Amino acid sequence: LEGGRGAPYAQRRSVRAGPGWAGELLLGKLEGGRALVRLKEAQAAGNANVFRLADSRQFDGSATSFHADRARLEQLLPGLERDFAAWPTFGGVALHEYR
């Protein structure tokens, strides 16, 4: 969990492109799984699952950090640890920039 100032970031929303349309994201199979590839420029890819950028918004980063609200972090932490403990691979919560 982030306790320091959050860096600004862009949130991008993509939608499935119609047949023959170009898109910046390509969803394909890779070694038994799936991979989402972001292309440098929009391309059409035949029968592949292609997604095009629908919109983009810039955020200041405050939504990804508890920097301005440490009391909220301390309130949520016990519940998060309890909920995540349901997974056997959970080893605890790491706090970044918490001083």
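Scroll up to find the structure this text is about.
These numbers were taken from a predicted model, which means no experiment stands behind them.

### Details of the overall build of the chain
Step number 1: Secondary structure assignment for the chain yields one helix and four strands.
Step number 2: Tracing the chain from N to C terminus, the helices and strands come up as β-β-β-β-α.
Step number 3: Taken against the 2.2 N^0.38 rule, which gives 13 Å for 99 residues, the C-alpha radius of gyration of the chain at 19 Å runs more than 25% over that of a compact globule.
Step number 4: Counting only C-alpha atoms and orienting by the principal axes, one finds that the chain spans roughly 50 × 35 × 20 Å.
Step number 5: Per-residue burial over the chain gives 13% buried out of 99 residues.
Step number 6: When the accessible surface of the chain is summed, it comes to about 7,800 Å², and 52% of that surface belongs to carbon and sulfur atoms.
Step number 7: Side chains of the chain carry 14 positive and 11 negative charges; the gap between the two charge centres is 7 Å.

### Describing the sheet that holds strand 1 (residues 9-16)
Step number 1: Pairing within the open sheet is antiparallel, and its four strands lie in the order 1-4-2-3. For this open sheet the edge positions go to strand 1 and strand 3 (33-43), each flanked by a neighbour on one side alone. Adjacent strand axes in the sheet meet at a mean angle of 35 degrees when their direction is disregarded.
Step number 2: Pairing between strand 2 (residues 23-30) and strand 4 (residues 49-59): three bridges, direction antiparallel. Bridge pairing in strand 4 links L26 to V50.

### Looking at the environment of V15
Step number 1: Secondary-structure assignment places V15 in strand 1.
Step number 2: Placed 68 residues apart in sequence, V15 and D83 show a C-alpha to C-alpha distance of 32 Å.
Step number 3: Residues contacting V15, with those up to four places away along its chain left out, are V50, F51, R52 and A54.

### Concerning unusual backbone geometry
Step number 1: In this model, E31 sits at a positive phi of 45 degrees, which is unusual for a non-glycine residue.
Step number 2: Mapped onto the fold, E31 is located in the loop between strand 2 and strand 3.

What counts, and at which threshold
- Residues numbered from 1 in each chain as written.
- Predicted model: local features only at pLDDT ≥ 70, side-chain atom pairs only at ≥ 80, totals over all residues.
- Heavy atoms only, no water.
- Helix = DSSP H or I, 4+ residues; strand = E, 2+ residues; numbered from the N terminus.
- Rg over C-alpha atoms; globule rule 2.2 N^0.38 Å.
- Buried < 20%, exposed > 50% of the residue type's maximum accessible area, 1.4 Å probe, protein only.
- Areas by Shrake-Rupley, 256 points an atom, 1.4 Å probe, with all protein chains shown as cover.
- Lys, Arg positive; Asp, Glu negative; His and termini not counted.
- Charge placed at Lys NZ, Arg CZ, Asp CG, Glu CD.
- Pairing = 2+ DSSP bridges.
- Axes fitted to C-alpha atoms, helices over the stretch in contact; angles between N-to-C directions.
- Contact = heavy atoms within 4.5 Å.

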